[in-house]
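# Results of the structural survey
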Amino acid sequence: MSHSVENRFFAIVCGALLVFVAPLFILFLFLSSERAEKEIKDHITVLLVANAQALAKPLWDLDEDSVTQISATTVAEGAIVRVNVRDLSGQLDVTQSTIPRSYKGDLESISRPIVYNGVDGAKKLGDITVYYPQLGLFDGLKNEEIVFISIFIFAVLTVFGAALIGNRIFVIQPLMRLTHAIEATRRLGSRHHVDWQSNDEMGRLASSFNDMQSKLQREENELKLAHRRATDTYNLTPAMLFSLDKEDRIAAVSDYWLAATGYDRGEVIGRDFVSLVLPESQTRYAERKRSNPDSAGRLAVTVKFLCCDRRIMDVLILETTAIQDGLTLSVMTDVTELKQSEDRNLRQAITDHLTGLLNRQGFESALDAKINEADLRKRELACLFIDLDRFKWINDNMGHAAGDTALQELVSRLQKCLKPGDIAARLGGDEFALLVLAEDAEARAIDIAARVAEIFEAPFVGDARLSASIGIAIYPRHAANAAELLLKSDIAMYAKKRDGKNGAQIFDNGMLDDSRRRAELENHIEAGLNDDWFEAYLQPVVNIDDRSVAGFEALMRLHHPQKGILPPGRIIEVAEETGSIIRIGNRIMEKAIANFARLSRIEGMQDTYLAINFSPLQFEPELPLRIATLLSRHQIAARRIVVEITEAVLMDDNPETRMVINEICRYGCRIALDDFGTGYSSLSYINRFPVDIIKIDQSFIRAINDTASDVSAKSRMLVESITTLSHKMNCTVIAEGVETEEECATLRTMGIDYGQGYLFYRPLHPDNLMKTLTGQQQDHPSPVAQAS
């Protein structure tokens, strides 16, 4: 191996000789042999021509002796070793040869015809063939050529030897010294120099090598110094530093890391770092690189770390990617207190401070987790959406403190209905939700709903009575995701509220149609408010005796551009649920008063009144001022305005509502109690509130002439009783829904003051109503009744 360069040089020179010199030498021998062979052929050809002429006569005469003598003379020539003469008839065949028996070489032959020129012309008598040895490459060389070749070979060998000696002295020796210096550096670790000086390339190579060795020696010293400083910095830095290899085994730890964790360096070096992490955090730590795909230079993960004394720390690990030979550098920071603070903040963020249940944010996170658990365990998840009925009454009449106490008491009762693993949350206000995971979630949800309904049988704070409407939806039967499950349970809850409250309702797809229709109606309401589709239709109220017009009731109508007039009952119901009834009521009130001012200009309509229906939500403190402003703008006396309210307004007995009603009465407006007789204790309201007009519900009016005698008798008795009591309390009585003359005649005999219904007038657009009343005044002038 030490002479490999020299061997390669020897091989290169030999190869050069074989490639360049040997072909030239062979070419020279080939040309010499070819030249010699040509000379021999030319000489033999001349001899053949002469001997063929000499043999013509003897062969004609069949003179065998002469032929033999001439053949012998021919074979005596130096180059020819055999002669054969043969006539065409086969009578004469003479062969002469000088070839020894030991000769094994190949022979070359040349033939020539023997022609006799006689009287009859030239005739071919036979052939003469001569044989001579085949020449080799060296057979044609002359003495001077052999001398030249010898000189050439000697010169080549001399140059070859000189190249080998020069390579040995000027290349191999300095390379050997350089190799020895490198091997000594490798074995001993010290920087050896090459003892060689010359002005050629080898001298420059040795000089460069020596300079490199000196520079490397200086750099090694600097690296050793830097390593000592880095080691001191690594160990003395007040941070928990450690390094991992490619397999996440601990390769190094700082002194501060050992002091903080309590381990010894010997027991952790080579140990898998994940073995020091609690099982609950091992998966997160193992997948840290996958969970930080955008962090090309640094990874971050927070895990629970097990110290030597079994103490558990929450640590934040910041890890660099491989810095050398697959090693990483990481810093571990104790964030236990910060983590505890974050956990407290998180609990506060997802917990309802009043009840201690999850709030909406916490419930949504729990819902996602429960859905994942349901998928893994192949179970169903039931969501129960609970909305309290009449909870607003407690806040309005007993104060918010009582409402908070009632909610806390409700949660205390509610938790007794739940099992471990069930989740309860307060979504806001008086809305709650429950999550139940079970194989038969529907049966479990129905059971819980029944038990929840039972907790409302006992009164709450201040003897307050509550109930709940519960909607139930099942995952994955009814919903494919968390948002859809919560939405459909909410839809089921509203369906229960519309059906009568206080109970549970399981979602079905038909509710989606109701929900879509409701959403469509909400859009129509909003568009109607924006594009002014709402109109205040007016229906006259007439005197039962003479059918004269005593007043008008303003009725809301939504005129859709494509669908025409939409049913008002459903619009009012949805508007009250969404709160848009306030804007609708204000819009109808404005238009009704403006149109009433126009109607008042008709002859005989100056003393009529206008009845306006108000939703319970409209009784805001600003309502009396708004009414006064409109009446002042249109110059209408307050006594001509009747505020129609339903029993629902009076049932809550809200102090704020009572104050607004009293303020309206002081201003001069009158109060009418609408749909009288359909509530629980309607008669008491006449005494407790400043009611001026009683409107008997149309269900009683239709029954007074019922074919069933007992129904008719009871209805007439109720109507007569209401009329008598109302008159004794100075209240005017109006019958709603009068549709037949028979009903009108019966009501007249009972002493009813006024009537309202399709028998007299249908609700009309103000423009049409003005045309109708104007035409009646022109055709049949009649007195106008005044409601007292």
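Residues numbered from 1 in each chain as written. Predicted model: local features only at pLDDT ≥ 70, side-chain atom pairs only at ≥ 80, totals over all residues. Heavy atoms only, no water.

### Considerations on the overall build of the protein chain
Scanning the protein chain for helices and strands turns up 25 helices and 23 strands. The C-alpha radius of gyration computed for the protein chain amounts to 63 Å, which surpasses the reference 28 Å derived for 788 residues by more than 25%, pointing to a less compact arrangement than a globule. Seen through its principal axes, the protein chain has C-alpha atoms that stretch 190 × 95 × 55 Å. Looking at the protein chain as a whole, 41% of its 788 residues qualify as buried. Within the protein chain, contacts between residues at least 6 apart in sequence are counted, and of these 62% link residues at least 24 apart. Total accessible area on the protein chain is roughly 42200 Å²; 53% of this is exposed by carbon and sulfur atoms. Both charge centroids of the protein chain, one from 87 positive and one from 111 negative side chains, sit 3 Å from each other. (Helix = DSSP H or I, 4+ residues; strand = E, 2+ residues; numbered from the N terminus. Rg over C-alpha atoms; globule rule 2.2 N^0.38 Å. Buried < 20%, exposed > 50% of the residue type's maximum accessible area, 1.4 Å probe, protein only. Contact = heavy atoms within 4.5 Å. Areas by Shrake-Rupley, 256 points an atom, 1.4 Å probe, with all protein chains shown as cover. Lys, Arg positive; Asp, Glu negative; His and termini not counted. Charge placed at Lys NZ, Arg CZ, Asp CG, Glu CD.)

### Here we look at the packing of aromatic side chains
Between two aromatic rings, the relevant description is the distance of the centres plus the angle of the planes. Applying the stated criterion across every chain yields a total of 10 aromatic pairs. Between Phe552 and Phe596, the ring centres sit 6.3 Å apart and the planes meet at 65 degrees, which makes this aromatic pair edge-to-face. Remark: Phe596 occurs in helix 17 (residues 581-599) and Phe552 occurs in strand 16 (residues 549-560); sequence separation between them is 44 residues. With centroids separated by 6.1 Å and ring planes inclined at 50 degrees, the aromatic side chains of Phe614 and Phe619 adopt a geometry described as tilted. Since its relative accessible area comes to 5%, Phe614 is described here as buried. Looking at Phe619, the relative accessible area reads 3%, which means it is buried. Taken together, the ring pairs in this structure connect Phe242, Trp257, Tyr263, Phe273, Tyr285 and Phe305 into an aromatic cluster. Over the aromatic face of Tyr494 sits the side chain of Arg518, whose NZ or CZ is 5.6 Å from the ring centroid. The residue whose ring lies beneath Arg670 is Tyr609, and the NZ or CZ to ring-centre distance is 5.5 Å. (Phe/Tyr/Trp six-rings, centres within 6.5 Å; stacked < 30°, edge-to-face > 60°. Lys NZ or Arg CZ within 6 Å of the ring centre and 35° of its normal.)

### So, the nonpolar core
Ranked by internal contacts, the top residues of the largest apolar core, which has 72 residues, are Ile525, Phe552, Leu610 and Phe619. The greatest single-element share of this core, amounting to nine residues, is contributed by helix 17. When residues no more than four places from it in sequence are discounted, the contact partners of Phe619 are Phe614, Val643, Ile645, Val649, Glu656, Thr657, Val660, Ile661 and Ile664. In this structure, Phe391, Leu407, Ile455 and Ala468 belong to the second largest nonpolar core, which totals 34 residues. (Core = buried A, V, L, I, M, F, W, Y, C linked by side-chain atoms within 4.5 Å.)

### Focus on the confidence of the model for the protein chain
Predicted coordinates in areas of low pLDDT are best not read in detail. Counting all residues, the mean pLDDT for the protein chain is 83, and 92% of those residues have values of 70 or more. A low-confidence stretch, residues 782-788 (pLDDT under 50), is modelled with 22 contacts involving residues beyond four sequence positions or located in other chains. (pLDDT = per-residue confidence, 0-100.)

### Description of the pairing of strand 10 (residues 380-389)
In terms of residue burial, strand 10 counts as a mostly covered element, since 10 of its 10 residues are buried. Residues Glu380, Ala382, Leu384, Ile386 and Leu388 of strand 10 are buried on one face, and the alternating residues Leu381, Cys383, Phe385, Asp387 and Asp389, pointing to the opposite face, are buried as well. Two strands pair when backbone bridges link them, and strand 10 and strand 12 (residues 431-438) are joined in this way by eight bridges, in the antiparallel orientation. Paired with Asp387 across the bridge in strand 12 is Glu431. As defined by bridge partners, strand 10 adjoins strand 13 (residues 467-475) across nine bridges and the pair is classed as antiparallel. Bridging from a neighbouring strand, Leu388 pairs with Ala468 of strand 13. (Pairing = 2+ DSSP bridges.)

### Overview of a nonpolar patch on the surface
A contiguous nonpolar surface patch, about 380 Å² in accessible area, is contributed by Phe148, Phe152, Ile153 and Leu157. In this structure, Phe152 sits in helix 3 (residues 143-188). (Patch = residues over 30% accessible without salt bridge, like charges linked within 9 Å, V, L, I, M, F, W, Y side chains within 5 Å. Salt bridge = Lys/Arg side-chain N within 4 Å of Asp/Glu carboxyl O.)

### Digging into the packing of helix 17 against helix 18 (residues 623-634)
It is at 10 Å that the axes of helix 17 and helix 18 come closest, and there the two elements cross at 25 degrees. Considered as vectors, helix 17 and helix 18 are oriented roughly parallel to each other. The way helix 17 lies across helix 18 gives a crossing that is right-handed. Here Asn586, Met589, Glu590, Ile593, Ala594 and Ala597 of helix 17 come into contact with helix 18, specifically with Leu623, Arg626, Ile627, Leu630, Leu631 and His634. Along the lines of polarity and charge, the residues of the contact of helix 17 with helix 18 split into eight nonpolar, two polar and two charged. (Axes fitted to C-alpha atoms, helices over the stretch in contact; angles between N-to-C directions. Parallel < 35°, antiparallel > 145°, perpendicular 65-115°, else oblique. Left-handed = near helix turned anticlockwise from the far one by under 90°. Nonpolar A, V, L, I, M, F, W, Y, C, P; charged D, E, K, R; others polar.)

### Points about helix 4 (residues 201-236)
Along its 36 residues, helix 4 runs 51 Å from first to last C-alpha, staying within 8% of the 52 Å computed at 1.5 Å per residue. Within helix 4, the full set of buried residues consists of Met202, Gly203, Ala206, Phe209, Asn210, Gln213, Tyr234 and Asn235. (Expected span 1.5 Å × (residues − 1).)

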